[in-house]
Amino acid sequence: KGGVGGFFKGAFQGITGLVVKPVTGILDATSKTAEGIKNTAKLLDDRSAIDCKVRLPRAFYKREQYFSLYEEGDAEMYTLLKMYRNGIYSNDIFFEAFEIYPDANRTKPHYLILTLQHIIYFNKDKGKAEWYLDTSNIKDIESSKESIRILIKQSTKKLSGPATIPIKHSNEGKSILNEIKNLRLALSE
């Protein structure tokens with residue numbers, strides 16, 4: 001169709017397309033990459049995007065390190081365990097945790113954190129552990145309507161006698177006692 005002139009015209013278009021198409025693709029890729037970098041920089045400059053609330057990490061439980069439905073309280077206690085005193089308990093295996101209110105008005109929260117290595121009674125308002133003990137130092141457990149007492153084998157810096165967990169609600173006491181017994185059982189395995 002077009003003879004020799006059509007042949008040269010078609011060959012010219014083909015050779016031009018062979019060079020122009022890849023160059024166009026490279027320029028397009030460079031343009032899109034630059035646009036992405038610009039958008040990322042703009043997002044990082046926007047303080048409101050960074051300051052948005054993010055939930056605490058999920059707790060992983062026991063030797064199996066399983067997780068269950070997200071519990072904000074457990075997540076808070078798990079994070080506290082990992083960060084407290086520059087991570088002194090960061091290698092502990094989280095077992096269970098309880099929010100306890102030792103006062104009748106339920107205004108002064110404490111955390112009882114059970115790990116395979118330690119039991120920690122943490123005063124949330126003061127931001128420090130009132131007592132802690134190695135689980136290997138547990139001699140026995142006694143319970144009453146008012147408290148759970150963990151008898152220890154040897155005195156420590158924080159404990160010269162039994163570790164006492166005040167109980168204001170009997171259901172709470174039963175749950176805590178059961179989990180401490182489960183912890184001791186897990187330690188014997």
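Refer to the structure printed above.
Quick summary incoming for the structure in this document. From a predicted model like this one, the values you see are computed outputs, not experimental measurements.

1. What to know about the overall build of the chain
The secondary structure content of the chain amounts to four helices and seven strands. Sequence-ordered secondary structure for the chain, helices as α and strands as β, is α-α-α-β-β-β-β-β-β-β-α. For 189 residues, the compact-globule estimate of 2.2 N^0.38 gives 16 Å, and the C-alpha radius of gyration of the chain, at 32 Å, exceeds that figure by more than 25%. Principal-axis analysis of the C-alpha atoms places the extent of the chain at approximately 105 × 40 × 30 Å.

2. Examining the packing of aromatic side chains
Per the counting criterion, the structure on display carries seven aromatic pairs. Ring centres of Tyr78 and Phe94 lie 5.4 Å apart, and the angle between their planes is 90 degrees; on these two criteria the pair is classed as edge-to-face. Placement of the pair is Tyr78 in helix H3 (residues 72-87) and Phe94 in strand E1 (residues 94-100), with a sequence separation of 16 residues. We note that Tyr78, like Phe94, is buried. Seen from their ring centres, Tyr121 and Trp131 are 5.6 Å apart, and the 20 degrees between their planes marks the pair as stacked.

3. Comments concerning the sheet that holds strand E4 (residues 128-134)
Reading across from one edge, E1-E2-E3-E4 is the order of the four strands in this open sheet, with antiparallel pairing throughout. The open sheet has two edge strands with one neighbour each: E1 and E4. In this sheet, neighbouring strand axes are inclined to one another by 15 degrees on average, regardless of whether the strands run parallel or antiparallel. The pairing of strand E3 (residues 118-123) with E4 spans six bridges and is antiparallel. Considered in E4, the bridge of His118 is made with Asp134. Here H3 sits on the sheet in contact with E1, strand E2 (110-115), E3 and E4, set at roughly 110 degrees to E1. Sheet contacts for helix H4 (residues 170-188): E1, E2 and E3; angle to E1, the most-contacted strand, approximately 160 degrees.

4. Comments concerning the pattern of salt bridges
A full pass over the atoms with the stated rule returns three salt bridges. Linking Glu76 and Lys124 is a salt bridge whose minimum nitrogen-to-oxygen distance equals 3.3 Å. In this pair, Glu76 sits in helix H3 while Lys124 sits in the loop between E3 and E4, placing the two residues 48 residues apart along the sequence. Across the pair Asp140 and Arg184 runs a salt bridge whose closest N-O atoms are separated by 3.9 Å. Within this pair, whereas Asp140 is found in strand E5 (residues 138-143), its partner Arg184 is found in helix H4, the two being separated by 44 residues in sequence.

5. Some details on the environment of Gly25
Along the chain, Gly25 falls in helix H1 (residues 3-45). Judged by its relative accessible area of 37%, Gly25 is partly exposed. Here the alpha-carbon distance between Gly25 and Leu133, two residues 108 residues apart in the chain, equals 65 Å.

Criteria and cut-off values
- Residues numbered from 1 in each chain as written.
- Predicted model: local features only at pLDDT ≥ 70, side-chain atom pairs only at ≥ 80, totals over all residues.
- Heavy atoms only, no water.
- Helix = DSSP H or I, 4+ residues; strand = E, 2+ residues; numbered from the N terminus.
- Rg over C-alpha atoms; globule rule 2.2 N^0.38 Å.
- Phe/Tyr/Trp six-rings, centres within 6.5 Å; stacked < 30°, edge-to-face > 60°.
- Buried < 20%, exposed > 50% of the residue type's maximum accessible area, 1.4 Å probe, protein only.
- Pairing = 2+ DSSP bridges.
- Axes fitted to C-alpha atoms, helices over the stretch in contact; angles between N-to-C directions.
- Contact = heavy atoms within 4.5 Å.
- Salt bridge = Lys/Arg side-chain N within 4 Å of Asp/Glu carboxyl O.

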